[in-house]
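# Overview (structure and organization)
So the chains spell out like this:
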Amino acid sequence: MNYPKLPSFRLDGKNALVTGAGRGIGMGASIALAESGANVTLVSRTDSELKELTKHINSLGYKSSYVAIDVNDEKAISKLIEDSDPFDILINNAGTNKPAKLIDTDLNDFDYVMSLNVRSVINLTK
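Values in this document were obtained by computation on a predicted structure and should not be read as measured data.

### Regarding the pairing of strand E2 (residues 39-44)
- Most of E2 is tucked away: 5 of the 6 residues are buried.
- In terms of strand pairing, strand E1 (residues 15-19) meets E2 through 5 bridges, oriented parallel. Bridge pairing in E2 links Leu 17 to Thr 41.
- The β-α-β motif built from E1, the intervening helix H1 (residues 24-35) and the parallel element E2 has right-handed crossover chirality.
- Bridging between E2 and strand E3 (residues 63-68) involves 6 bridges; their strand directions are parallel. Residue Ser 44 lies in a different strand from E3, and its bridge partner there is Ala 68.
- Chirality of the crossover, the property in question, places the unit of E2, helix H2 (residues 47-59) and E3 among those that are right-handed.

### So, a nonpolar patch on the surface
- There is a patch of nonpolar side chains on the surface, built from Leu 107, Phe 110, Met 114, Val 118 and Ile 122 and spanning about 470 Å² of accessible area.
- By secondary structure assignment, the location of Val 118 is in helix H4 (residues 107-125).
- Owing to a relative accessible area of 35%, Val 118 belongs among the partly exposed residues under this scheme.

Conventions used here
- Residues numbered from 1 in each chain as written.
- Predicted model: local features only at pLDDT ≥ 70, side-chain atom pairs only at ≥ 80, totals over all residues.
- Heavy atoms only, no water.
- Buried < 20%, exposed > 50% of the residue type's maximum accessible area, 1.4 Å probe, protein only.
- Helix = DSSP H or I, 4+ residues; strand = E, 2+ residues; numbered from the N terminus.
- Pairing = 2+ DSSP bridges.
- Right-handed = clockwise from strand over helix to strand, strands pointing away.
- Patch = residues over 30% accessible without salt bridge, like charges linked within 9 Å, V, L, I, M, F, W, Y side chains within 5 Å.
- Areas by Shrake-Rupley, 256 points an atom, 1.4 Å probe, with all protein chains shown as cover.
- Salt bridge = Lys/Arg side-chain N within 4 Å of Asp/Glu carboxyl O.

Structure representation (C-alpha cells):
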C-alpha cells in the first residue's frame, strides 16, 4: 500500500505565540514550532520555566523569547500584542482544573477555571 507522506513542515519567518509554554503540551508545541523554523514567543506565569526553555531552544540554534505574564491579565495581553510583531500562529494552551464534586465546588475556583480556560482564550484569540 502507498501511504501518504507528510510534506516538509517549515514555518520559517513565521511568528508564533504559545501560552502555557513552560511545561507539558505548551512546552512540546514551543519546541516543535521552533524546530520547524518559527520565531516562538513563550508565555506563562512562571518566569523560571520560561527562562530555562528559552535558553534550551536558543542553544539548539532556534529562535525564541519569553514574557512571564498571566493570560488573565487582559491589559498585559493587550500590551504584549501591541508591542510585538504580528503573530501568524497562536497555540492558546494555558489552562487549569480544580477537580471537586459539584456539591464541594467552590465558586471562586469555578470562576478562576472559567476565566483561564474560556475568557482568556477568547480575549487572546480576539
